[in-house]
Amino acid sequence: MSKDWLDNSIYDHFDDLDLSGLAWECLRRNESYRSDYAAREGDSACAAWGLRFRG
């Protein structure tokens, strides 16, 4: 088991994130999202999760 989460320096970049960046960091760690994204085409998975990206 990794203990990287105990090292605060790994999360220093979080201080510079805006709201959408922070949301993305949390979402990409969500096992359900990662599994769903892998099972679908990229745009389909994004739509299923209510995500919209600028073109």
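Residues numbered from 1 in each chain as written. Predicted model: local features only at pLDDT ≥ 70, side-chain atom pairs only at ≥ 80, totals over all residues. Heavy atoms only, no water.

S.K.: Would you explain the environment of Asp4 in this entry?
M.R.: Summarising the element assignment, Asp4 is placed in the segment before helix H1 (19-28). Not counting chain neighbours up to four residues away, the residues in contact with Asp4 comprise Ile10 and Tyr11. (Helix = DSSP H or I, 4+ residues; strand = E, 2+ residues; numbered from the N terminus. Contact = heavy atoms within 4.5 Å.)

S.K.: For this particular structure, what's the right way to read the side chain of Asp36?
M.R.: Tracing the backbone through its elements, the reader meets Asp36 in helix H2 (residues 31-39). Setting aside residues no more than four positions away along its own chain, Asp36 makes contact with Ala45, Ala48 and Trp49.

S.K.: For this particular structure, what's the right way to read H1?
M.R.: Given 3.6 residues per turn, any residue in an α-helix points the same way as the ones three and four places further on. By the burial criterion, the buried members of H1 are Gly21, Glu25 and Leu27. Projected down its long axis, H1 carries its buried residues within an arc of 170°, all on one side. Those residues of H1 that are exposed and aimed more than 90 degrees away from the buried face are Leu19 and Ser20. In the core, the buried residues of H1 are packed alongside H2. (Buried < 20%, exposed > 50% of the residue type's maximum accessible area, 1.4 Å probe, protein only. Arc of directions from axis to C-beta.)

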